[in-house]
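Listed below, chain by chain, are the residues.
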Amino acid sequence: MKMLKKMPIRLRLTVMTVALLTVCCVGLTLILNFSAIRMATIIDAAAVSPALEVGEGGWIEESTPAASSSMTPSVSSEASQKAKIDFRIQSIIYMLLVIGIGGLLTYYLSGKALKPLNTLNGQVKNINVHNLSETLSVPPTKDEIAELSLTFNEMTNKLNNAFMMQQRFSASAAHELKTPLAVLQTKVDVFKKKKIHTTEEYDALIYVIEKQTKRLRELVGNLLDMTNMDDGVEQSSICVKDIFEDIISELSHIAKEKNITMTLDCDNSFVFGNTDLLYRAFYNLVENGIKYNIDSGTVEVIVNKLSNEQVSIKIKDTGIGIADKYKMKIFEPFYRVDKSRSRQMGGTGLGLSTVDSIIKKHNGTITVTDNESNGTCFNVILNIGSTLKQVLD
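Just so you know, these numbers come straight off a predicted model, no measurement behind them. (Residues numbered from 1 in each chain as written. Predicted model: local features only at pLDDT ≥ 70, side-chain atom pairs only at ≥ 80, totals over all residues. Heavy atoms only, no water.)

Visitor: Help me understand the overall build of the chain, please; the structure alone is not making it clear to me.
Guide: Secondary structure assignment for the chain yields twelve helices and nine strands. Looking at the 393 residues of the chain, the share that counts as buried comes to 30%. In the chain, the share of contacts with a sequence separation of at least 24, taken over all contacts with a separation of at least 6, comes to 70%. (Helix = DSSP H or I, 4+ residues; strand = E, 2+ residues; numbered from the N terminus. Buried < 20%, exposed > 50% of the residue type's maximum accessible area, 1.4 Å probe, protein only. Contact = heavy atoms within 4.5 Å.)

What follows is the structure, encoded as structure tokens:
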């Protein structure tokens, strides 16, 4: 069996078919030989039996001619034995011919049937990290090979997207870390050129060091948070209204500075998850709605239960909005629609990526659409959870 598993599929299929043909042909040959021998025995017995004749007066007499009784049984027995042997030999020869021809036909036809698989194998061997975006040709047939080709194309497409995202992440992370370090290095180099410094110059240097160090600390902290997102966290039933009331209260001073009006339209929906992670995700969304809003704009939070299994959370703002071509990329790490404006507001480009990770960790979904009155609307769907659902029911 181990040797059979190491064989190519074509040869393995041929060996299995030949084995099946052998069993069938041997069985059929044995049955035919048994039936033929039994038939010949009956014929021989009938040939050597004395003939019966009807005599005068109605008496039945046995006809026993001398020549017939001495010669016929011996000749008949020898001919019968020879016929039996010839039949056996011929049946074995025919059996071997059937097995051999069947094996050759199986090998030939299996090669034809497996040709698309060999073609697919050759195409797969040519796939590497540099041509993941290329798709395999799908055969016109709707068989397993075509389905396998489609599945492989879907897999390479996902791998290509993940690989490109990883490349962008690495490049963006290196750039984000390099920028504050470059600022610090420049300030220190300029400061070292002068031997005597005033108090204001010391204060300015310390201010720059504090600012850039804080930025580095926040960036590294966000990266660590994203890395540790998969660790086990405590989950419980959470009242969504309580979370948003705390968030709105905490961000009220920032909204007041820009004259932003925040409203909360929330029912008594509950979800099952981690309070700290969900608070962080929704805090980020509401904060972005304030930061990228217009003066005297609005941020509206609407929460309602879609069914006994899901809760809908919408966060709408009247801000600058997001173009359609950017909506699929804003959840990538370090991606910014307006890079200069994001840096001016102290963003690291990891906020929405962290939000997306938190929502997915809770088996939810997040999408972004245009608000009816300009601006952006983030749509979050969370599951109530099986444990909480049983409590509510």
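Visitor: Sorry, what's going on with the sheet that holds strand β8 (residues 365-370) here?
Guide: Strand pairing in a sheet takes place through backbone hydrogen bonds and is either antiparallel or parallel in direction. As summarised here, the arrangement of the five strands in space is β4-β6-β7-β9-β8, forming an open sheet in which the pairing is mixed. Taken across any chain shown, the strands that pair with only one partner, and hence form the sheet edges, are β4 (261-266) and β8. Each strand axis lies, on average, 15° off the axis of its neighbour in the sheet, ignoring direction. Bridge count for strand β7 (residues 310-317) against strand β9 (residues 376-383) is seven bridges, and the pairing is antiparallel. Pairing of Q310 across the sheet is with N383, part of β9. Along the sheet, helix α7 (residues 240-250) contacts β4, β6 (298-305) and β7; its crossing angle with β4, the most-contacted strand, is approximately 170°. Together, β8 and β9 form the strand contacts of helix α11 (residues 351-361), whose direction differs from that of β8 by roughly 135°. (Pairing = 2+ DSSP bridges. Axes fitted to C-alpha atoms, helices over the stretch in contact; angles between N-to-C directions.)

Visitor: What's the story with a negative patch on the surface in this structure? I'm lost.
Guide: Together, D242, E245, D246 and E250 make up a region of like negative charge exposed at the surface. Tracing the chain through its elements places D242 in helix α7. (Patch = residues over 30% accessible without salt bridge, like charges linked within 9 Å, V, L, I, M, F, W, Y side chains within 5 Å. Areas by Shrake-Rupley, 256 points an atom, 1.4 Å probe, with all protein chains shown as cover. Salt bridge = Lys/Arg side-chain N within 4 Å of Asp/Glu carboxyl O. Lys, Arg positive; Asp, Glu negative; His and termini not counted. Charge placed at Lys NZ, Arg CZ, Asp CG, Glu CD.)

Visitor: In this structure, what is going on with the confidence of the model for the chain? I would like to understand it.
Guide: Interpreting fine coordinate detail is not advised for predicted regions of low pLDDT. The share of residues in the chain with pLDDT of 70 or more is 75%, and the mean pLDDT across the chain is 76. Mean pLDDT values over the elements of the chain span from 43, in helix α12 (residues 386-392), up to 91, in β7. Taken as a whole, residues 63-71 scores under 50 in pLDDT and shows four contacts with residues more than four places along the chain or in a different chain. Contacts of residues 386-393 to residues separated by more than four positions or lying in other chains number nine contacts, the stretch itself having pLDDT below 50. (pLDDT = per-residue confidence, 0-100.)

Visitor: Looking at this structure, I do not really get a nonpolar patch on the surface. What am I missing?
Guide: On the surface, a nonpolar cluster with roughly 930 Å² of combined accessible area is contributed by I85, I89, I93, Y94, L97, I101, L105, Y108 and L109. Along the chain, the position of I101 falls in helix α3 (residues 66-113). A relative accessible area of 49% places I101 in the partly exposed class.

Visitor: Sorry if this is basic, but what is going on with the pattern of salt bridges here?
Guide: It is possible for side chains bearing opposite charge to pair when their charged atoms get close. Using the criterion set out here, one finds three salt bridges in the structure. Two residues, E201 and K194, come together in a salt bridge whose shortest N-O distance is 2.6 Å. Measuring nitrogen to oxygen at the nearest pair gives 3.8 Å for the salt bridge that ties K291 to E287. Taken together, the positions of K291 and E287, both in helix α9 (residues 275-291) and four residues apart, correspond to about one turn of that helix. Look at K291 and you get partly exposed, because its relative accessible area is 23%. Taking the relative accessible area as the measure of exposure, E287 reaches 17% and is therefore buried.

Visitor: Is there a simple way to explain the environment of L104 in this structure?
Guide: Relative to the helices and strands, L104 resides in helix α3. Distance in space between the C-alpha atoms of L104 and T14 is 8.1 Å, their sequence separation being 90 residues.

Visitor: Can you walk me through the nonpolar core in this structure?
Guide: When a protein is soluble and globular, its nonpolar side chains tend to lie buried together. By size, the foremost hydrophobic cluster in this structure holds 39 residues, and its most contacted members are F244, F282, L285, V286 and I313. Listed by contribution, the elements that provide at least two residues to this core are α7, β4, α9, β6, β7, α11, β8 and β9. The greatest single-element share of this core, amounting to eight residues, is contributed by α9. (Core = buried A, V, L, I, M, F, W, Y, C linked by side-chain atoms within 4.5 Å.)

Visitor: Is there a simple way to think about the side chain of T318 in this case?
Guide: When you line up the elements, T318 lands in the loop between β7 and α10 (339-344). One polar contact links T318 to N293, side chain to side chain, over a distance of 2.9 Å. Of the polar contacts made by the side chain of T318, one reaches the backbone nitrogen of T298; its length is 3.0 Å. (Polar contact = N/O pair within 3.5 Å; in protein donor to acceptor, adjacent residues only side chain to side chain.)

Visitor: I keep staring at the environment of T14 and nothing clicks. Help me out?
Guide: Within the element layout of this structure, T14 appears in helix α2 (residues 9-48). Overall, the relative accessible area of 9% leaves T14 in the buried class. Expressed as a C-alpha distance, the spacing of T14 and Y107, which sit 93 residues apart in the sequence, is 5.4 Å. Every residue in contact with T14, bar those within four places of it in the chain, is listed here: G103, T106, Y107 and S110.

Visitor: Would you mind showing me how to read the packing of α7 against α9 here?
Guide: To describe two helices that pack against each other, one gives the angle between their axes and the distance between the axes. For the pair α7 and α9, the least separation of the axes is 10 Å and the interaxial angle reads 45°. Classified by the angle between their axes, α7 and α9 sit oblique to one another. For the pair α7 and α9, the crossing hand works out as right-handed. Residue-level contacts link I243, F244, D246, I247 and E250 of α7 to L278, Y279, F282, Y283 and V286 of α9. (Parallel < 35°, antiparallel > 145°, perpendicular 65-115°, else oblique. Left-handed = near helix turned anticlockwise from the far one by under 90°.)

Visitor: Please explain the pairing of β7 as it appears in this structure.
Guide: One face of the sheet, then the other: side chains in a regular strand alternate in exactly this way. Burial analysis of β7 places six of its eight residues in the buried class, the great majority of the element. For β6 and β7, the ladder comprises seven bridges, and the chain directions are antiparallel. Looking at β7, one finds that V303 is bridged to I313. Linking β6 back to β7 in an antiparallel pair, the connection comprises four residues.

Visitor: Where do I start with the state of the cysteines in this structure?
Guide: By definition, a disulfide is the covalent link that joins the sulfur atoms of two cysteine residues. In the structure shown here, the tally under the stated rule is zero disulfides. No disulfide involves C266; its sulfur sits 6.5 Å from that of C239, the nearest cysteine. Looking at C266, the relative accessible area reads 13%, which means it is buried. (Disulfide = S-S within 2.5 Å.)

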